[in-house]
Amino acid sequence: MMIPLLRNRNSKSCSSLQAIASYLTLTLNANPTQTRTLPNSPKPLCSYRPFSTAKNSDDEPIPIPAVESIDAGSSIRKPISLWPGTYHSPVTSALWEARSNIFDRPTTPQSEFVTRTPAQSRTSILYKFSTDFVLREQYRNPWNGVRIGKLLEDLDALAGTIAYKHCCNEDGTTRPLLLVTASVDKMVLKKPIRDDIDLSLVGAVAWVGRSSMEIQLHVTQSTDGTPSSSESVALIANFTFVARDSKTGKSAPVNQITPETEKEKLLWEAADKRNEMRKKKRGEHKIDIEDKDKNRLNALLAEGRVFCDMPALADRDSILIRDTCLQNSFICQPQQRNIHGRIFGGFLMRRAFELAFSTTYAFAGAAPHFLEVDHVDFVRPVDVGNFLRLKSCVLYTELENPSEPLINVEVVAHVTQPELRSSEVSNKFYFTFSVHPEAVKDGVRIRNVVPATEEEALRVIERIDAENSHIAAS
């Protein structure tokens, strides 16, 4: 996902970007208890707002400059399907209109950088699932849970808006920068998310380097009426963005950050450690096959060879990786692009999740539930008109706990260009699912998955080692 920090020279075009999804109310840096709607506007579905104040170590409120509330529910605005260059969902539409308002302001070359606090970028979105049935219907899955893929999509859009706000000057003007999603850290679902209780997405810039920044987001849903409780946190996500010069494409410096509270300082230290680990991993070279643990490799391939050479004698509780594969292909359409004109990264994450979910469903024979998504690197951008192929498979299963078997699914996105006879990997996604204990009691049996080739065995070993290293680091 790429977000331009460019001045839009066509003021009429900027003015036309006042539209947004119906039934959505958006507020930036405004009083969180106030929203403004035009007469005869439909009932807003969800509110979008940052916290208006934050607390420092002495509990003194830190004022955050307020800006005018944006009315998102006007029926006189043109349909969002006619907007150029914005992929839209109920939340992404609101977030991108917030950015478009700054395009009307003049850009200035920035010789001096300001130091900002996390509170100045802190932003939240409220999903009123308990009362807004139209909104609930858009996020409900067939099992009356929340569509996790759509939340991943919204998290990407929210992280981009937070990064965008951090790079603005104190007066709201911006430099001509591009903000690019570089990676997403591992996300673990801490508890199921329901579709009948209000949900909140909250995030802020937690760490800043020279040209990169990490945004931490929390998905919270309270079942006991205490949203501040630690038990209300359902998911934590860390997005890393890098800034590029809009003309040269080279890295560009961004505003620094000063954590104020003890919690903000701890978040900064943790994010700094993650950044060092990312640099270390980039500097490591892949181990050649000769240096791999041959015993592990041969053990993984042993049952696969039986499947290939003596299928009648193969273990009935096992299945080859290649027999779990699914894929889909589509042309990336103009309606799926972001405000920079490239395919919205959150859209790709949602499509990958939905394919992984379908793969697990077909493999397990029961509706799976999501547990986590591993670290994602955005290797290659996806453009309008690209022929995108998503290929998925169950890479391996973990059956040590019979009541909660783990199903690890790989999804690889290939950008294919038939005219050039080329195909390149854009992204790799790794999801972990399980099935409910009730399904296991009813007789659902998860099979062991085995590789048939050395290439498949090496992918399994690589993922297991990555998972073990993450557990050791945490």
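Only a predicted model underlies this, so the values are computations on that prediction, with no experimental measurement involved.

**Some details on the sheet that holds strand β20 (residues 422-435)**
Strands sit in the order β9-β16-β20-β19-β18-β15 across an open sheet of 6 strands; the sheet is antiparallel. On the outer flanks of this sheet lie β9 (187-188) and β15 (326-331), each paired with one strand and no other. Inspection of the sheet shows β15 paired to strand β18 (residues 387-398) by 6 bridges, in the antiparallel sense. If you follow L326 over to β18, its bridge partner there is S392. Most of the contacts of helix α7 (residues 345-364) go to β20, to which it runs at about 55°, and overall it touches β9, β15, β16 (368-373), β18, β19 (406-417) and β20.

**What about the nonpolar core?**
Counting residues in each nonpolar core, the largest one holds 83 residues, and the members touching the most others are L155, M213 and F431. If we ignore the near neighbours within four places in the chain, the residues touching F431 are L152, A352, F353, A356, F370, E372, V373, I407, N408, V409 and V411.

**Observations regarding the pattern of salt bridges**
Applying the stated rule across the entire model yields 17 salt bridges. A salt bridge links R350 to E153; the shortest N-O distance between them is 3.1 Å. Pair noted here: R350 is in helix α7 and E153 is in helix α4 (residues 148-166), with a separation of 197 residues, a long-range link. Assessed through its relative accessible area of 11%, R350 is described here as buried. The residue K265 makes a salt bridge to E262 at a minimum N-O spacing of 3.9 Å. Of the two residues, K265 and E262 are both situated in helix α5 (residues 262-283); the distance of 3 residues between them amounts to about one turn of the helix. The class of K265 is partly exposed, set by a relative accessible area of 36%. The class for E262 is exposed, based on a relative accessible area of 52%. Connected through shared salt-bridge partners, R147, E153, R350 and E354 make up one network.

**A few points about α4**
Side chains three or four residues apart in an α-helix point the same way, a direct result of the helix having 3.6 residues per turn. For α4, spanning 19 residues, the distance from its first C-alpha to its last is 27 Å, which sits close to the expected 27 Å at 1.5 Å a residue. With respect to burial, α4 is a largely interior element, 19 of its 19 residues being buried.

**Quick notes on the side chain of S212**
Along the chain, S212 turns up in strand β11 (residues 212-220). What S212 contacts, discounting residues up to four positions off in sequence, is W207, F241, V242 and V254.

**Remarks on the pairing of β11**
Looking along a regular strand, one sees the side chains alternate between the two faces of the sheet. By the criterion of burial, β11 is predominantly enclosed, with 9 of the 9 residues buried. On β11, burial covers both faces: S212, E214, Q216, H218 and T220 on one face and M213, I215, L217 and V219 on the other are all buried. Where strand β10 (residues 199-208) meets β11, 8 bridges bridge the pair, whose relative direction is antiparallel. The partner of V208 across the bridge, within β11, is M213. Here β10 folds back onto β11, and the loop between the two strands holds 3 residues. With 9 bridges joining them, β11 and strand β12 (residues 233-245) adopt antiparallel strand pairing. Residue S212 lies in a different strand from β12, and its bridge partner there is V242.

**Quick notes on the confidence of the model for the protein**
Predicted confidence across the protein gives a mean pLDDT of 77, with 70% of residues reaching 70 or more. Ranking the elements of the protein by mean pLDDT puts strand β2 (residues 25-26) last, at 36, and β18 first, at 96. In this model, residues 4-86 is a region of pLDDT below 50 whose contacts with residues beyond four sequence positions or in other chains number 193 contacts.

**Brief notes about α7**
An ideal rise of 1.5 Å per residue puts 28 Å on 20 residues; α7 measures up with 29 Å between its terminal C-alpha atoms. Phi for G365, located one or two positions after α7, is positive at around 80°.

**Describing the packing of aromatic side chains**
For the structure on display, the rule yields 15 aromatic pairs. Relative to Y139, the ring of Y127 has its centre 5.3 Å away and its plane inclined at 80°; by these criteria the two rings are edge-to-face. Highlighted residues: Y127 in strand β7 (residues 123-127) and Y139 in helix α3 (residues 133-139), separated in sequence by 12 residues. Neither Y127 nor Y139 differs from the other in exposure class; each is buried. On the numbers, 5.6 Å between centres and 75° between planes, the contact of W143 with Y361 is edge-to-face. In this pair, W143 sits in the loop between α3 and α4 while Y361 sits in helix α7, placing the two residues 218 residues apart along the sequence.

**Re unusual backbone geometry**
Although it is not a glycine, N144 sits at a positive phi angle of roughly 60°. When you line up the elements, N144 lands in the loop between α3 and α4.

**Re the environment of L406**
You can see L406 is positioned in strand β19. For the pair L406 and I446, spaced 40 residues apart in sequence, the C-alpha separation works out to 8.8 Å. Those residues in contact with L406, other than ones at most four positions away along the chain, are L371, Y396, T397, E398, T432, F433 and S434.

Cut-offs used in this document
Residues numbered from 1 in each chain as written. Predicted model: local features only at pLDDT ≥ 70, side-chain atom pairs only at ≥ 80, totals over all residues. Heavy atoms only, no water. Pairing = 2+ DSSP bridges. Helix = DSSP H or I, 4+ residues; strand = E, 2+ residues; numbered from the N terminus. Contact = heavy atoms within 4.5 Å. Axes fitted to C-alpha atoms, helices over the stretch in contact; angles between N-to-C directions. Core = buried A, V, L, I, M, F, W, Y, C linked by side-chain atoms within 4.5 Å. Buried < 20%, exposed > 50% of the residue type's maximum accessible area, 1.4 Å probe, protein only. Salt bridge = Lys/Arg side-chain N within 4 Å of Asp/Glu carboxyl O. Expected span 1.5 Å × (residues − 1). pLDDT = per-residue confidence, 0-100. Phe/Tyr/Trp six-rings, centres within 6.5 Å; stacked < 30°, edge-to-face > 60°.

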